Amino acid sequence: MVYIKQLQKIARIGRHKISQIQKTDVLTLYHGIKQKDEEECYKLLLGYDLSECFYLSCTYDLTNSLNQNVLKNAKNLNKKNEGGLYRLFSSQKNIENFAEIFMWNYYACSEFNKTIQDKKWIQPILHGYIEQIVIKTTYKQFSTTIISRRCRHHAGTRFLKRGMNEEGFSANFVETEQILIDLESSYKKPSCSSFIQVRGSVPLYWFQNPLFTKIKPPIICFIYLYIINKKIKISKQLRSFFCCHKKNFGDLFSRYGEKIYCMDLVKSFETSTKNNYWQKNTN
């Protein structure tokens, strides 16, 4: 079991403190004979550095956006006439309440959640980036917070993770939220706003060969190869490609609403300076 030894406070949303993990340790719960797979996984776990880009909050749900947290909190506290950023979330700590795609330790906590009664031991960890600054004007003080949430599905290094998987998750999907809070407003009725934008790989079956020595390897699309090889227009296997694409946008619609604007960030050409530099170093 991995437990956290040291935290560093880096931000605050209302009365909720957000901390970054500094030190962790592994506690052995079983002293019996280990299998080879367990030994390999244990070595990989020891080599994993959780002191960079991993965050948590004991009272605030970092896996969900500010809008979702405020609405969820308002429903639970409607009878007590409390809401906003005042009430703590520790009483609602259940793994079903968190957004599992942004909960880095979801796989480890899913079975642990079934065996314990006190859900306070379930602590979601966010993998991403968080930063907060305070802006002072003549009449007001605002806090600006950036929270980037990295999806735990289909994540990996460049060239090795591209496109989307069979479950409809695009590679290296990241949700970035910008939170603006008026520090002079009350916790029960805060003046705040939240803006969300997401990015990810193009939600299609495609890849780039990492063995190419070019700075921009050619893009290979599975649908194009399938049509060329089979010489047919539509088939059952080809429809599965579009079903995964439909799952991807269906998930976006369910979480962010019907109005979604897509931007193409793929470069159509490279600058001559970059190409010349690459050719000189590869020749």
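Going by the structure above, here's the rest.
Residues numbered from 1 in each chain as written. Predicted model: local features only at pLDDT ≥ 70, side-chain atom pairs only at ≥ 80, totals over all residues. Heavy atoms only, no water.

This part takes up a nonpolar patch on the surface. On the surface, a cluster of nonpolar side chains totalling about 380 Å² of accessible area is made up of Met1, Tyr3, Leu27 and Leu29. Here methionine 1 shows up in the segment before strand S1 (2–13). (Patch = residues over 30% accessible without salt bridge, like charges linked within 9 Å, V, L, I, M, F, W, Y side chains within 5 Å. Areas by Shrake-Rupley, 256 points an atom, 1.4 Å probe, with all protein chains shown as cover. Salt bridge = Lys/Arg side-chain N within 4 Å of Asp/Glu carboxyl O. Helix = DSSP H or I, 4+ residues; strand = E, 2+ residues; numbered from the N terminus.)

So, about unusual backbone geometry. One non-glycine residue, cysteine 53, lies in positive phi territory at about 70°. Relative to the assigned elements, cysteine 53 resides in the loop between helix H1 (36–46) and strand S3 (54–56). A residue is classified by how much of its surface remains accessible, and cysteine 53, at 34% relative accessible area, is partly exposed. Non-glycine residue asparagine 172 carries a positive phi angle of around 50°. (Buried < 20%, exposed > 50% of the residue type's maximum accessible area, 1.4 Å probe, protein only.)

The 7 strands lie next to each other as S1-S2-S3-S4-S5-S6-S7, forming an open sheet whose pairing is antiparallel. Because the sheet does not close on itself, it has two edges, and the strands there are S1 and strand S7 (192–199). This sheet shows a mean twist of 30° between the axes of neighbouring strands, independent of strand direction. (Pairing = 2+ DSSP bridges. Axes fitted to C-alpha atoms, helices over the stretch in contact; angles between N-to-C directions.)

By the definition in use, this model includes 3 aromatic pairs. Ring geometry for phenylalanine 102 and phenylalanine 173: centres 6.4 Å apart, planes at 20°, overall stacked. Residue phenylalanine 102 is found in the loop between helix H2 (66–76) and helix H3 (106–115), and its partner phenylalanine 173 is found in the loop between strand S5 (141–150) and strand S6 (174–182); the two are separated by 71 residues along the sequence. A residue is classified by how much of its surface remains accessible, and phenylalanine 102, at 2% relative accessible area, is buried. Looking at phenylalanine 173, the relative accessible area reads 9%, which means it is buried. (Phe/Tyr/Trp six-rings, centres within 6.5 Å; stacked < 30°, edge-to-face > 60°.)

Right, let's talk about a negative patch on the surface for a bit. There is a patch of like negative charges on the surface, built from Asp37, Glu38, Glu39 and Glu40. By secondary structure assignment, the location of glutamate 38 is in helix H1. According to the relative accessible area criterion, glutamate 38 is partly exposed, its value standing at 39%. (Lys, Arg positive; Asp, Glu negative; His and termini not counted. Charge placed at Lys NZ, Arg CZ, Asp CG, Glu CD.)

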